[in-house]
Amino acid sequence: MELKNLIDVHLDLPRLSKDLDELGHGARVWATRQWSRGTQARLWEAAKGFRPVTLDDYVPASVPPLVEVRTWGKNTLPAHTHFQKRFCRPSDADAKDRLYGYNFQSLSGFTGPGYYVAHPASDAGEVDIDYTMLPPEKSPAWPDIVPNSARLGILVYHGMIDVMRGISSHVSIGRAKKKNEWMDAWFVLVREDPPPPS
């Protein structure tokens, strides 16, 4: 059965979650890139309270501080819909309630890297990817940290918070808001498991 049938014909989140968990990374990315704007909007609404998402869903607890973990994204913009959000854990043991990250995408030269801090949201079981906060450190290979008000980042990232909800162990769905107003902008993330430590 095509995964899309579990959404478009009759939304079956438990079955969708199970089937996504049984796929490999490449197949998960392919499947989620078939999700249209309407599909993503529907999934984000349906996912509220379905599967609590935590910071460990983006960077597993076994990953050392400042080691990059990639998620592969598909958004609902008219163009440039494929991107990555790259996360890492802080080196400060007192900052266990957050992750640091940035956006890797084709327009980064114009928009800037779009740095953020991810932290538990005010609603239990959700995670905020918060562009109003800048991380104080980064993974060594990442670009320089610049304010989201710089360059065209002021139009894209400045003042934005993405609210994430869980679908499966590797897949989450997000919606953006600015100034506490929801935007008609959704996206899906698929975590790529990092290689085991050598």
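Here, the structure is the one placed above.
Thresholds, definitions, all that
- Residues numbered from 1 in each chain as written.
- Predicted model: local features only at pLDDT ≥ 70, side-chain atom pairs only at ≥ 80, totals over all residues.
- Heavy atoms only, no water.
- Salt bridge = Lys/Arg side-chain N within 4 Å of Asp/Glu carboxyl O.
- Helix = DSSP H or I, 4+ residues; strand = E, 2+ residues; numbered from the N terminus.
- Buried < 20%, exposed > 50% of the residue type's maximum accessible area, 1.4 Å probe, protein only.
- Pairing = 2+ DSSP bridges.

Once that is clear, we can look at the pattern of salt bridges. Going through the model one piece at a time under the given rule, you end up with 14 salt bridges. Between Glu45 and Arg175 there is a salt bridge, with its nearest N and O atoms 3.8 Å apart. Taken together, the residues Glu45 in helix α4 (residues 37-46) and Arg175 in strand β7 (residues 171-178) connect sequence positions 130 residues apart. The exposure class of Arg175 is buried, given its relative accessible area of 11%. With a closest N to O distance of 3.8 Å, Arg86 and Glu68 form a salt bridge. Taken together, the residues Arg86 in strand β2 (residues 82-88) and Glu68 in the loop between α4 and β1 (69-75) connect sequence positions 18 residues apart. Using a relative accessible area of 7% as the deciding quantity, one classes Arg86 as buried. By relative accessible area, which is 23% here, Glu68 ends up partly exposed.

Moving on to the environment of Leu11. If you trace the backbone, Leu11 turns up in the loop between α1 (5-8) and α2 (13-22). Counting along the chain gives 32 residues from Leu11 to Leu43, while the straight-line C-alpha distance between them is 8.5 Å.

Turning to the pairing of strand β3 (residues 99-104), a few remarks are in order. Burial analysis of β3 places 5 of its 6 residues in the buried class, which makes it a mostly covered element. With 5 bridges connecting them, β2 and β3 associate as antiparallel partners. If you follow Arg86 over to β3, its bridge partner there is Tyr102. Where β3 and strand β4 (residues 116-120) come together, 3 bridges link them in antiparallel fashion. What sits directly across from Leu99, in β4, is Ala118.

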